[in-house]
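Okay, here's what each chain looks like letter by letter:
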Amino acid sequence: MSLSDDTATRVDDRPVSRRRGLRSRRPLAAVAALAVVIAVVAAFLVASARGGDDRSGRSPGGGPVAGGRLTYAVAGTQVSLDPAVAATAVTGLIDRNVFDSLVVQTGPDAFGPWLATKWEVSNGGRTYTFTLREGVTFHDGTPFTAQAVKATLDHVVDPATKSAYAASLIAPYKQARVVADHVVEVTLSRPFTPFLQALSVPYLGIQSPAALTKPVADYRPVGTGPFSYVSWEKDKRVTLRKNPRYASPPAGASHQGAPYLDDLVFEFVSEDATRYGALTSGQAQGIAGVPPLNAARLKSLTGFAFSAQETPGLNYNLYLNQTRGPLKDVRVRRALSASINVDQLVKSIYFGLFPTARNPLSRTTAAYDASAESDLASYDPAEAERLLDEAGWTARDGNGYRVKDGKTLTLTWPYWAEGNKEQRDVLAEGIQAQAKLAGIKIDRPAVDTGAFVSKYLIGGAYDLVDVSFARPTPDVLRFAFASGNTYAKAGGNVALVRSPQIDKWVEEAAETSDPATSKSDYSSVQREVLRQAYVVPLYTPVQLTAFSAKVRGVAFDAQTYPVFHGAWLGG
């Protein structure tokens, strides 16, 4: 699952409509909960009926042109309109255009002004005082003030909101106090250095206080962003419209005024071929999740622009539940890791587009430590055999699987039954086949989302889970390995690690203001989880996007989401 990037989405069995000759199929479901966006290929799009409606010509000087509709095909379907509730990548992608944030992430550890023009940190890192922009208005006409910041943060942590991911990002949040109309003071229960990064993500985008007072059934996303919400046709599309009054872009934005596009439409289509066909036929002007199979062909076609960007955060990893069965033994965990030729599988399945991972963290993430790779149990069939023998799994049954005390060495790796066959399923089959050579049996039960969440993720009846999670901060290691951050508690610790030492490292790294200390702590975590084989790194997710050459001015943010504020349609 992928909270990111690759973020999983909730299953919905209602079929996507058929329109203008483009077939849309049932979207692949993924779990709507932050924490671990389960690495399934979610449903991406089919183009809108008004597809490439470019209603304006070039400006006399050849620069940006105002007007037109851009249809962007995305993998995943909307689960909730409220960014504080839904943790899926598609929610972040869409809501980034509706909501502005207090700050913008400008580098691995650097932040600039957005709705906050400046801020001061005091009280040993426990108090943040933000001075806010003046003259900003929400889409519903409500003025942006300190009260909106307080209302947003209080909404996120309110148990009634049922926020999982967003609330976990600001776990130490204690209160917000309105000092003046455009000054707000936020108090934390403890120092928390990832706080600014958390405030920069769309899941903590600032919402209209008036919109937040409405019943859940009547909720509509109302922000101050470049586009305002128009409609959500479930499992089909979300339509946004230009905010003509927009004047609050972040530091580093391509321009300061309203967006050039009149309309921005996100269409949901699960099938790779349909999504790719929507782009090449002109029914969509851009797509996310370009099929690796088609990437080389697309790059050779005239009239299209292809982009590949490595996603920061947690790689697409295989997590080993060390609380049950054979995987309680670190020797078995390391044997499984040593039995898998990850490099060979990834290169052959993804055509060299996705880098093979040897660390739980992406190499584009701050505090990534390449030297930690020495602790990984890399591909070594002889070592896998030795470790399993040492662990007492010496006998074999008629199928070649290891046996101990009359029990076959069997691991359960559940997956969603819905959706189309994707590369990740092929990768899983390759892992399954290579593990068998070492005598390890991997069962792959197909389940629906309800069972996946209740029986497996919450119930713990699994041995293996595949997950990726995009977040441009090493604090993602706390999310994935701190003892208290299990899926049931809105975290990403699906390996169910219970290590006081890891807890000490990630908490110290989150609280310290000393870069050397945090770097050392994060390095120690990377080494320990590889040494204990809580995780088998597979590959770094890469955002493969493509646009018609008519689309200009698309930028990408720190999480590799496309930014459409400066986008425009040329001739």
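Residues numbered from 1 in each chain as written. Predicted model: local features only at pLDDT ≥ 70, side-chain atom pairs only at ≥ 80, totals over all residues. Heavy atoms only, no water.

1. So, the environment of P562
Move 1: Following the sequence through the fold, P562 ends up in strand β26 (residues 562–563).
Move 2: According to the relative accessible area criterion, P562 is buried, its value standing at 4%.
Move 3: Look past the residues within four positions of P562 in its chain and what remains in contact with it is Y72, L93, V554, A555 and F556. (Helix = DSSP H or I, 4+ residues; strand = E, 2+ residues; numbered from the N terminus. Buried < 20%, exposed > 50% of the residue type's maximum accessible area, 1.4 Å probe, protein only. Contact = heavy atoms within 4.5 Å.)

2. Quick notes on the pattern of salt bridges
Move 1: Tallying each qualifying case throughout the model produces 25 salt bridges.
Move 2: As a salt-bridge pair, E233 and R237 come within 2.7 Å of each other at their nearest N and O atoms.
Move 3: We note a salt bridge from R531 to D375, for which the minimum N-O separation is 3.5 Å. A residue pair is termed long-range when its members are at least 10 positions apart, and R531 in helix α15 (residues 515–531) and D375 in the loop between α9 (342–350) and α10 (381–390) qualify at 156 residues.
Move 4: In this structure R531 comes out as partly exposed when scored by relative accessible area, which is 35%.
Move 5: D375 sits in the buried class, given a relative accessible area of 14%.
Move 6: Beyond isolated ion pairs, a larger network of salt bridges with shared partners links D329, R331, E383, R386 and E390. (Salt bridge = Lys/Arg side-chain N within 4 Å of Asp/Glu carboxyl O.)

3. Regarding unusual backbone geometry
Move 1: Of note in the backbone geometry, F351 takes a positive phi value of approximately 55° without being a glycine.
Move 2: Inspection of the secondary structure puts F351 in the loop between α9 and α10.
Move 3: According to the relative accessible area criterion, F351 is partly exposed, its value standing at 47%.
Move 4: Positive phi outside glycine occurs at A533, with the angle close to 55°.
Move 5: Looking at where A533 falls in the secondary structure, it is placed in the loop between α15 and β22 (535–539).

4. So, the sheet that holds strand β13 (residues 313–320)
Where strands meet in a sheet, backbone hydrogen bonds hold them as pairs that are either parallel or antiparallel.
Move 1: Judged by pairing direction, the sheet is antiparallel, and its three strands sit side by side in the order β21-β13-β22 without closing on themselves. Strands at the two margins of the open sheet, each flanked by one partner only, are β21 (464–470) and β22. Between one strand and the next, the sheet's axes are offset by a mean angle of 30°, whatever the strand orientation.
Move 2: Note: β13 against β22, four bridges, orientation antiparallel. Along β22, the bridge assignment pairs L318 with V536. (Pairing = 2+ DSSP bridges. Axes fitted to C-alpha atoms, helices over the stretch in contact; angles between N-to-C directions.)

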